[in-house]
Amino acid sequence: MGDLLLVRHGETEWSRSGRHTGSTDVPLTEHGRAEARKLVPLIRSHRIGAAFVSPLQRARETAELIGLTEMRIDPDLREWDYGGYEGITTVEIHRERPGWFLFDDGVAPGPPDHPGESPEQVGERADRMLAKVDAALANTEGVVVLVAHGHFLRVLTARRLGLPPASGALFQLATGTVGRLGTEHGRPVIAGWNVRPTP
């Protein structure tokens, strides 16, 4: 099994202010674009076998800025559907639901087009994505790159390690960083996390 590079998109206005950003298609800030550009040396240091990107513009622009030219847009990489919590901060949610925690409690129901997802539903999407990753790794000599979103990539990491979706809570992932999932003695491991290029 080859390595999997996880790239969280650069900063947006909503990520900077802590607003839950699932389906809302917000662009990168200038700082977010700079974060992405700084990742180019990290990405170029690997032989890219395949790349998959979320359909949302913050991920697609990040993919372009880090130099990916051939990529597959995959809806399974979209961010957690926050339902009724879309655009709301954790501080605001705690005013109504003290002690609320996304990875344990999920979200409040939203409108029909974005009803919200439970941790288990996000885990099912992550499992589908990992099956596609494994198929790509079986047919390439290089690494597979995923450019997507913080909460989704945290759940995907948990699933890759054989943990339940809620264990994604253990893997904080900053904007404009890279995680690397590899293997040791045939078992999945975290080989790098929240990696940024050295100044």
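Residues numbered from 1 in each chain as written. Predicted model: local features only at pLDDT ≥ 70, side-chain atom pairs only at ≥ 80, totals over all residues. Heavy atoms only, no water.

1. A short note on the overall build of the protein chain
Phase 1: A tally of helices and strands in the protein chain yields eight helices and six strands.
Phase 2: Traced from its N-terminal end to its C-terminal end, the protein chain shows the element sequence β-α-α-α-β-α-β-α-α-α-β-α-β-β.
Phase 3: Overall size of the protein chain, expressed as C-alpha extent along the three principal axes, is 50 × 35 × 30 Å.
Phase 4: Within the protein chain, buried positions represent 50% of all 199 residues.
Phase 5: Considering only contacts in the protein chain between residues 6 or more positions apart, those separated by 24 or more positions represent 67%.
Phase 6: Split by element, the accessible area of the protein chain, about 9,400 Å² in all, is 50% carbon and sulfur. (Helix = DSSP H or I, 4+ residues; strand = E, 2+ residues; numbered from the N terminus. Buried < 20%, exposed > 50% of the residue type's maximum accessible area, 1.4 Å probe, protein only. Contact = heavy atoms within 4.5 Å. Areas by Shrake-Rupley, 256 points an atom, 1.4 Å probe, with all protein chains shown as cover.)

2. Regarding helix 8 (residues 150-160)
Phase 1: Of all 11 residues that make up helix 8, 10 are buried, and the element is covered over most of its length.
Phase 2: Buried within helix 8 we find Gly150, His151, Phe152, Leu153, Arg154, Val155, Leu156, Thr157, Ala158 and Arg160.
Phase 3: Those residues of helix 8 hidden inside the fold are in contact with strand 1 (4-8), helix 6 (102-105), helix 7 (119-137), strand 4 (143-148), strand 5 (178-184) and strand 6 (187-195).
Phase 4: Looking one or two residues past helix 8, Gly162 carries a phi angle of roughly 80 degrees, positive in sign.

3. Considering the nonpolar core
Phase 1: Among the nonpolar cores identified, the biggest contains 30 residues, and Leu4, Phe52, Trp80, Val144, Leu146, Phe152 and Leu156 are the most heavily contacted of them.
Phase 2: It is helix 7 that contributes the most residues to this core, seven residues altogether.
Phase 3: Apart from the residues within four sequence positions on either side, Leu4 is in contact with Leu130, Val133, Val144, Leu146, Leu156, Gly179, Arg180 and Leu181.
Phase 4: With 15 residues, the next largest nonpolar core counts Ile43, Val53, Ala59 and Val178 among its residues. (Core = buried A, V, L, I, M, F, W, Y, C linked by side-chain atoms within 4.5 Å.)

4. Quick look at the side chain of Asp81
Phase 1: Along the chain, Asp81 turns up in the loop between strand 3 (72-73) and helix 5 (90-96).
Phase 2: Buried charge without a salt bridge: Asp81, with Arg78 as the nearest opposite-charge side chain at an N-O distance of 6.2 Å.
Phase 3: At a separation of 3.3 Å, a polar atom in the side chain of Asp81 contacts the main-chain amide nitrogen of Gly116. (Lys, Arg positive; Asp, Glu negative; His and termini not counted. Salt bridge = Lys/Arg side-chain N within 4 Å of Asp/Glu carboxyl O. Polar contact = N/O pair within 3.5 Å; in protein donor to acceptor, adjacent residues only side chain to side chain.)

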